2 protein chains.
Amino acid sequence: MKNVKYGQCIKCGKTYPATPDLTTCTCGGVLEIVYDYDEIKKRLTKAVLAERTERTMWRYRELLPIEETTEPTPLRVGWSPLYDEPRLAAQLGLKQLWVKDDGLNPTGALKDRASAMAVAKAREAGAGVIACSSTGNAASSLAGNAAAAGLATYIFVPSRAPKGKVAQLMTFGATVISVQGSYEETFELSRQAINRWGWYNRNAAINPYLSEGKKTVAYEILEQLGWQAPDYIAISVGDGCTIAGLWKGLKDLHAVGLIDRLPRLISAQAEGCCPINRAVVRGGSWEPMEENTFADSIAVGVPRNGDKALMAIRESQGLAVNVSDREIMEAQQLLGRSCGVFGEPAGVTAAAGVKKLCEQGILGREETVVSVVTGNGLKDVANAIKACGEPISIPGDMNALLRAFSDSGIVVE
Amino acid sequence: MKNVKYGQCIKCGKTYPATPDLTTCTCGGVLEIVYDYDEIKKRLTKAVLAERTERTMWRYRELLPIEETTEPTPLRVGWSPLYDEPRLAAQLGLKQLWVKDDGLNPTGALKDRASAMAVAKAREAGAGVIACSSTGNAASSLAGNAAAAGLATYIFVPSRAPKGKVAQLMTFGATVISVQGSYEETFELSRQAINRWGWYNRNAAINPYLSEGKKTVAYEILEQLGWQAPDYIAISVGDGCTIAGLWKGLKDLHAVGLIDRLPRLISAQAEGCCPINRAVVRGGSWEPMEENTFADSIAVGVPRNGDKALMAIRESQGLAVNVSDREIMEAQQLLGRSCGVFGEPAGVTAAAGVKKLCEQGILGREETVVSVVTGNGLKDVANAIKACGEPISIPGDMNALLRAFSDSGIVVE
């Protein structure tokens, strides 16, 4: 890869050749992929991008850690819509607000960006099998993207995994191993199996390429905004890989001269599980925390990319905001009603955070904000049912309808 | 609208000025929108389209029944991916097969195309409210697209409507009226309410503009194929509006010279509810049928656009194929495993039909086929759970894993 220099440990600084099966540093630290920006700068310009018809995450291949001969993966990952939301901006008291709906990715989540990258790298490594342990969007996106590419997947889930999620995995042809035990026991068995059979490892804590897939969300936001950086980009934070990828993407664009200033990050976590935001406020490194939130995709008490996430938030002079489950549910309704966007609870946590920061007067009429929706609401209909209350229920009779409207205070236009 | 001549009854031929609130003919017949193709031909060429950056259904506005000043609706509807599927084509014995995944529309269904059109026409009519009666994708797509445009919706559902679907509607801010009665009673109350309050009517049987939104799926398929028509396009058929729209789109392209031959249609219905396909086989007009299928989005025993659908299938010298619920479930697994595409049961019925026609030797090595997926599998996870069986369940122990693989006949690569 001409554009990549090496992988470098974020803890001890040691460097490694960027082979497709790169994992962690011998010191245990996570690796980061380091690029040759001077070289990339010569080839990747706004004009070159404006001519390009590819409208997926692979549009930005000069900035991605893949060989020049590597084909885009089959599913259409990325280039999700960025919606300008003037009505919601006015309601919240912001100068301008955009919503990036990454729930419209092929398996319904931003995680498709990381899984597509894993598939591309597994192909480069000559692997026929990819494995991971997860119950959530990482697993379904891996299963879907691998199936489309003709790769087999082995996915380890704890036995408490919801049946619907397991069904999606199995529909994509994954071999699903349901482990009668905790998530830690599940992870440990997957580790042993991956070592034993040499499967390609899709694990955001171990594989440094995955956040390189996620960073494409930053490229798209900025290109969709005509390379005018917003003041803030808000995103929900679980294990930290996504916000770290977002920041890497922004820094890439700055390094190659496509943007001239960096937005600040807004890290939104659930009150009941906010180890990264707690460290932002208190200073120092993060400490494990309990996982008390219904927003399952960000209920991560031991964030495996916590260090990278903290570096990102601090470097960007970012804001940390925690929201309650109730505020998340309200944000789901707010985005639905105002924007026609249906996000899963973790997916709308960023919007809940933006709303709260507006109410606290921290964001206001001077600020422009992008809020990223990271997952589709159809992934978790059960919680939407709890959030939205009951419909009007009546017999099929006009007088009953008139009475019901009157009782509910509905004045028909 | 300079490009539209008038609305014309498909039964008696009577014409009507194409006002935004056009409904049915005085004779009861459904209207069709008639265009001035000679005029359109001058302006819409392959070169003009190739230059256009809009990648939604509104890309084709010269062929759409909207005023020149009408803005595209806010959500990104259309321009869904068309995937080339060489491995599945080989498995089925086809020359070439593509899958068009319309489940990646904003609310997860092809119906978004019709609802976005309804929103555009409601705005032209100066309406602030749109209404319909439906329990399915028509309702959720209307609620989502209207919310994004700042329009209110009133949606009437029978009380048996699944809670998850009602929750999606309410998340989009729709006023949902749950009617304690049959679908017919629900429809009747909605009719009275629409008449009383003058709401804009989103009902595919009454509003002739909706199939004009759906026809954009044909434009995209052909443009994505570089204007080379496939031999067949397969689609699932419920009330008939979608296949009629698809055919209208193909004929439009032929009329303005963008394609030089017309594909044949494949109408796929469920064995337990196939009034339109039965009429194709028997000749004559369609007769009502019971609704015995789990593919709820096409369980339509009294197809309200049955006449238009029959005309389309016959004009195209199309094929009619019925599939069992088991065959639909198998097709869901097949598309998931082979293509990484997760469709709802009605959404994969076309693929089930194509597979069956291959097995029967009606389609084979000479034929190129596009199969349209009309809805996202996340809309109906309950049925996917039934289709996919149980995962391997073991304690967190390597010996248990080895035994389980051996017992299941899994040979790890």
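All of these numbers come straight from a predicted model, not from anything done at the bench. (Residues numbered from 1 in each chain as written. Chains lettered and ligands numbered in written order. Predicted model: local features only at pLDDT ≥ 70, side-chain atom pairs only at ≥ 80, totals over all residues. Heavy atoms only, no water.)

Note on sheets: strands pair through backbone hydrogen bonds, and any given pair is parallel or antiparallel. Residue and element names in this part refer to chain B. With mixed pairing, the six strands of this open sheet are ordered in space as 4-5-13-10-11-12. The open sheet terminates on both sides in strands that have one partner only, identified here as strand 4 (82–84) and strand 12 (319–323). With direction set aside, neighbouring strand axes in the sheet form an average angle of 25°. In this structure, strand 10 (residues 232–236) lies alongside strand 13 (residues 368–373), joined through three bridges in parallel fashion. Paired with Y232 across the bridge in strand 13 is V369. (Pairing = 2+ DSSP bridges. Helix = DSSP H or I, 4+ residues; strand = E, 2+ residues; numbered from the N terminus. Axes fitted to C-alpha atoms, helices over the stretch in contact; angles between N-to-C directions.)

Residues and elements named next belong to chain B. Three or more residues of helix 12 (residues 306–315) are buried, namely G306, K308, A309, L310, A312 and I313. Looking at the buried side of helix 12, the elements it contacts are strand 3 (31–35), helix 8 (210–214), helix 10 (241–255), strand 11 (264–270) and helix 11 (275–282). Residue Q317 follows helix 12 closely and has a positive phi angle near 50°. (Buried < 20%, exposed > 50% of the residue type's maximum accessible area, 1.4 Å probe, protein only. Contact = heavy atoms within 4.5 Å.)

It is worth spelling out the layout of surface pockets at this point. Taken as a whole, the second largest pocket encloses approximately 1,100 Å³ of empty space. Looking at the second largest pocket, it is lined by 41 residues, and the ones nearest its centre are R55(A), W79(A), R55(B), R76(B) and W79(B). Those elements that place two or more of their residues in the lining of the second largest pocket are strand 4 (82–84), helix 3 (86–92) and helix 13 (325–339) of chain A together with strand 4 and helix 5 (137–149) of chain B. Of the residues forming the lining of the second largest pocket, the biggest block, three residues, is contributed by strand 4 of chain A. Taken together, the residues of the lining of the second largest pocket break down into 18 nonpolar, twelve polar and eleven charged. (1 Å grid on protein atoms, 1.4 Å probe; cavity = no way out; pocket = protein on both sides within 12 Å on 5 of 7 lines; lining within 4 Å. Points joined across faces, edges and corners; volume = space filled by probe spheres on them. Nonpolar A, V, L, I, M, F, W, Y, C, P; charged D, E, K, R; others polar.)

At an RMSD of 0.0 Å, chain B and chain A line up after a rotation of 180° and a shift of 0.0 Å along the axis. These values place the two chain copies in the arrangement generated by a two-fold rotation axis. When the interface residues of chain B are mapped onto chain A, 100% of them again lie at the interface, so the same face is used by both copies. (Least-squares fit on C-alpha atoms with pLDDT ≥ 70 in both.)

Now for the UniProt feature "domain: Tryptophan synthase beta chain-like PALP" (unreviewed entry) in chain A. Taken from the UniProt record, the annotation "domain: Tryptophan synthase beta chain-like PALP" (unreviewed entry) applies to residues 76–375 of chain A. In the segment residues 76–375 of chain A, helix accounts for 44% and strand for 17%; the C-alpha atoms at its two ends are 16 Å apart. (UniProt positions renumbered as here; feature names shortened; annotations may be inferred.)

Residue and element names in this part refer to chain A. As assigned here, chain A comprises domain 1 (82–108 + 210–388) and domain 2 (128–198). Computed over C-alpha atoms, the centres of domain 1 and domain 2 are 26 Å apart. Every contact between the two is made by six residues of domain 1 and, on the other side, nine residues of domain 2. Summed over both partners, the interface of domain 1 with domain 2 comes to about 610 Å²; 34% of that surface belongs to carbon and sulfur atoms. (Domains from an automatic or database assignment. Buried area = accessible area lost by both parts, 1.4 Å probe.)

The geometry of helix 16 (residues 398–408) of chain A relative to helix 7 (residues 183–197) of chain B is characterised by a closest axis approach of 10 Å and an angle of 65° between their N-to-C directions. The way helix 16 of chain A lies across helix 7 of chain B gives a crossing that is right-handed. Here M398(A), L401(A), L402(A) and F405(A) of helix 16 of chain A come into contact with helix 7 of chain B, specifically with L189(B), Q192(B), A193(B), R196(B) and W197(B). (Left-handed = near helix turned anticlockwise from the far one by under 90°.)

The next subject is the interface of chain B and chain A. Many descriptions give the size of an interface as the accessible area lost when the pieces come together. Contact residues are listed per partner, giving 77 residues for chain B and 77 residues for chain A. Summing the contributions of chain B and of chain A, the shared interface buries around 6,400 Å²; its carbon and sulfur component is 64%. Considering only the surface of chain B that becomes buried against chain A, R76(B), T171(B) and L378(B) emerge as the three largest contributors, covering 11% of it. Taken together, the links from chain B to chain A amount to two salt bridges. E390(B) is the partner of K163(A) in a salt bridge, and the nearest nitrogen-oxygen pair spans 3.9 Å. Counting across the chain B and chain A interface gives 20 residue pairs in polar contact (both at pLDDT 80 or more). Here the side of chain B that touches chain A gets seven residues from one element, more than from any other, and that element is helix 6 (residues 163–171) of chain B. In terms of residue class, the side of chain B that touches chain A is made up of 44 nonpolar, 23 polar and ten charged. One ladder, built from four bridges, connects strand 8 (residues 175–180) of chain A with strand 14 (residues 392–395) of chain B; its direction is parallel. What sits directly across from S178(A), in strand 14 of chain B, is S393(B). (Salt bridge = Lys/Arg side-chain N within 4 Å of Asp/Glu carboxyl O. Polar contact = N/O pair within 3.5 Å; in protein donor to acceptor, adjacent residues only side chain to side chain.)

Residue and element names in this part refer to chain A. The feature "modified residue: N6-(pyridoxal phosphate)lysine" (unreviewed entry), as given by UniProt, occupies K111 in the numbering adopted here. Relative to the elements of secondary structure, K111 occurs in helix 4 (residues 111–124). If we skip the residues at most four places from it in the chain, K111 touches N137, A138, S141, R202 and K214.

This next bit is on unusual backbone geometry. All names here are of chain A. Located in the positive-phi region is W227, a residue other than glycine, with phi close to 65°. Residue placement: W227 occurs in the loop between helix 9 (216–224) and strand 10 (232–236). A positive phi angle, near 55°, is found at Q317, a position not held by glycine. Relative to the helices and strands, Q317 is located in the loop between helix 12 (306–315) and strand 12 (319–323).

It is worth spelling out the sheet that holds strand 13 (residues 368–373) of chain A at this point. Residue and element names in this part refer to chain A. Spatially, 4-5-13-10-11-12 is the arrangement adopted by the six strands of the open sheet, whose pairing is mixed. Lying at the two open borders of the sheet, with one neighbouring strand each, are strand 4 and strand 12. Going from strand to strand, the sheet's axes swing by 25° on average, the running direction of each strand aside. Two strands pair when backbone bridges link them, and strand 10 and strand 11 (residues 264–270) are joined in this way by five bridges, in the parallel orientation. When the bridges of strand 11 are listed, I235 appears paired with S267. Sitting on the sheet, helix 10 (residues 241–255) touches strand 10 and strand 11, and the angle it makes with strand 11 is about 175°.

In this section: the packing of helix 9 of chain A against helix 10 of chain A. How two helices pack is summed up by the angle between their axes together with the distance between the axes. Residues and elements named next belong to chain A. At a closest axis distance of 7 Å, the pairing of helix 9 and helix 10 adopts a crossing angle of 55°. Relative to helix 10, the element helix 9 lies oblique. Between helix 9 and helix 10 lies a crossing whose hand is right-handed. Contacts from V217, A218, Y219 and L222 of helix 9 reach helix 10 at L246, G249, L250, D252 and L253. The class makeup of the residues in the contact of helix 9 with helix 10 is seven nonpolar, one polar and one charged. (Parallel < 35°, antiparallel > 145°, perpendicular 65-115°, else oblique.)

Residues and elements named next belong to chain A. Within this structure, the stated rule accounts for 40 salt bridges over all chains. The residue E359 makes a salt bridge to K355 at a minimum N-O spacing of 3.1 Å. Taken together, the residues E359 and K355, both in helix 14 (residues 349–359) and four residues apart, mark about one turn of the helix. A cluster of three or more residues bridged by salt bridges with shared partners is formed by K100, D102, R113 and E220.

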